[in-house]
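Secondary and tertiary structure notes
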Amino acid sequence: METTLRGVGVSHGVAVGEVRHMGTAVLEPPARQIPGADAEREQRRARQALNAVAADLTARGILAGGDAQAVLEAQALMARDPELLADVERRIAVGSTAERAVYDACAAYRDLLLGAGEYLAGRVADLEDVRNRIVARLLGVPMPGVPDSDEPYVLVARDLAPADTALLDTTLVLGIVTEEGGPTSHSAILARALGVPAVVGVPGAAELAEGTVLAVDGSTGEVVVDPSEERQDGLRALAERLKTELAAAKEPGRTSDGHLVPLLANIGSPADVAAAVEAGAEGVGLLRTEFLCPDDGEGKGGVPSESGQAEAYREVLSAFPGQRVVVRVLDAGADKPLGFLTAGDEPNPALGMRGVRTLLRHPEVLRTQLLALTRAAEGLPVHLEVMAPMVADRADARAFAEACRAAGLRASVGAMVETPSAALRARSLLREVEFLSVGTNDLAQYAFAADRQAATLSRLQDPWHPALLDLVAMTAEAARGEGRSCGVCGEAAADPLLACVLTGLGVTSLSMAPAALSRVRAALATCTLAQCRRAAAAARSADSPEEARLAARAVLSGE
């Protein structure tokens, strides 16, 4: 008999398949004493295991590229943390085995994170995955992780570790269902990047029996358990039709009545360029530059040379002749700490020195980056645009624009709208800069005072929230009044239905993971600009994200 579970749809598409559960966590190693003479050998085993896991995570990140690489490198830093190693070695010195010392040291570290507020508590899942990998290596047992299967399946888990999600085989994993997580959790972000239908925050998902058939709808957030044969056949046919339509969709983004909405790609590193070009991206709406600054975990990493940066930027710029490439200067701080820029003792990093605030305190780093961008664009037929993250007011915008002029940057200068103050005073910002780009992930975090990494606050991270739509509309209206452009480069742009609503709000371009481009392009082509505007008005009139979705869908489907 069919039953329906509900969560948050975070990666669009439909899938039907049998449940396969993520491998279980490593069992707690026994607590036993070792002779003092064995301590040095156990400490050596522990060091080797920590280094091996860190190296494996780094290698997985390089293979995955993009958002996944940044997430996995952050996990690798956990394994390399000198304080963690010191604690492990102290425990071994008083009689613990290597595996028990790692388990207990991570438990203590976990308690510290849980007690340090929602922001750091959001790192617990990543720490637990690092612990499990180290302990598994020491015990000589298989790593916990993605199940082995010869047949395609729906992957079900309490939550997904970034190291597993990043390298999923999309020919086998039809869909993803997790019991925890929210729209901006690592598993959600990586599922979208892979183009796998996914629903997160589904109560009871971990209790589903192995082999149970599920129908997963990543658009509505519905997970149907034991769907009827008729429903299965209908959904499989729909999935095949969508796949065919998406494969053929390579035209410029536009509504059915010809209103152009350029569809751009979010790029995390040069490794993402090929996928963006293949997906028909009309340029780059967000080039993240943090990939240039690996940190060694001890704060000794540093920004690369001007020539090194220029070479990397040029690789991306060369791939988009005649098109826009929007580069975000370093967004160090909060969930992207860089040891050479970011203080390690901030009580609340998300509200501290990050983004343009950090760069203005380190003008030499900003100047080197701006000079490298100018050098990279020389002689290329590309429209370079450079924007500052975490702009709070006109003073921030002015300081960034002045730094760009002082460096001789030959590019359009813009600001990201990620704080309510920037949205409220968007017209003021446009007295200093030439364009705006809305980062919906951070804008939601600050608008609702809800940490974007906290699964318990996922309902306040929903980009469909009418209050967030109001802030986007306010920003787009200000840009239109000044004759300027206003794009969206946050995760909201990757939602096909919401892309139509954003268009109706007045947003002039949408930037997303390459895997989402085809679905958004296809959705826009089904509705007129007038329908988009009516859907936007209906969504803003609602009182909750769920009501906003239903209201917009009703308008766009003609109900």
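Since we're looking at a predicted model, the values are computed, not measured.

Our next topic: the overall build of the chain. In terms of helices and strands, the chain carries 22 helices and 16 strands. Burial analysis of the chain (559 residues in total) assigns 55% to the buried set. In the structure as shown, the chain presents an accessible area of about 22,600 Å², 52% of it carried by carbon and sulfur atoms.

The next thing to look at is the pattern of salt bridges. In the structure shown here, the tally under the stated rule is 30 salt bridges. Across the pair Arg60 and Asp56 runs a salt bridge, and its minimum N-O distance is 2.9 Å. Residue Arg60 and its partner Asp56 are both found in helix H1 (residues 39–64); the two are separated by four residues, about one turn of the helix. For Arg60, a relative accessible area of 21% puts it in the partly exposed group. Judged by its relative accessible area of 28%, Asp56 falls in the partly exposed class. A salt bridge links Arg375 to Glu306; the shortest N-O distance between them is 3.4 Å. Highlighted residues: Arg375 in helix H13 (residues 363–377) and Glu306 in helix H11 (residues 306–317), separated in sequence by 69 residues. If you follow the salt bridges from partner to partner, you end up with Asp38, Arg41, Glu42, Arg45 and Glu99 in one network.

Turning to the confidence of the model for the chain, a few remarks are in order. In this model, the chain carries a mean pLDDT of 87, and residues with pLDDT of at least 70 account for 89%. Every residue in residues 295–300 scores below 50 in pLDDT, and together they form 14 contacts with partners more than four places removed in sequence or on other chains.

Scoring rules and cut-offs
Residues numbered from 1 in each chain as written. Predicted model: local features only at pLDDT ≥ 70, side-chain atom pairs only at ≥ 80, totals over all residues. Heavy atoms only, no water. Helix = DSSP H or I, 4+ residues; strand = E, 2+ residues; numbered from the N terminus. Buried < 20%, exposed > 50% of the residue type's maximum accessible area, 1.4 Å probe, protein only. Areas by Shrake-Rupley, 256 points an atom, 1.4 Å probe, with all protein chains shown as cover. Salt bridge = Lys/Arg side-chain N within 4 Å of Asp/Glu carboxyl O. pLDDT = per-residue confidence, 0-100. Contact = heavy atoms within 4.5 Å.

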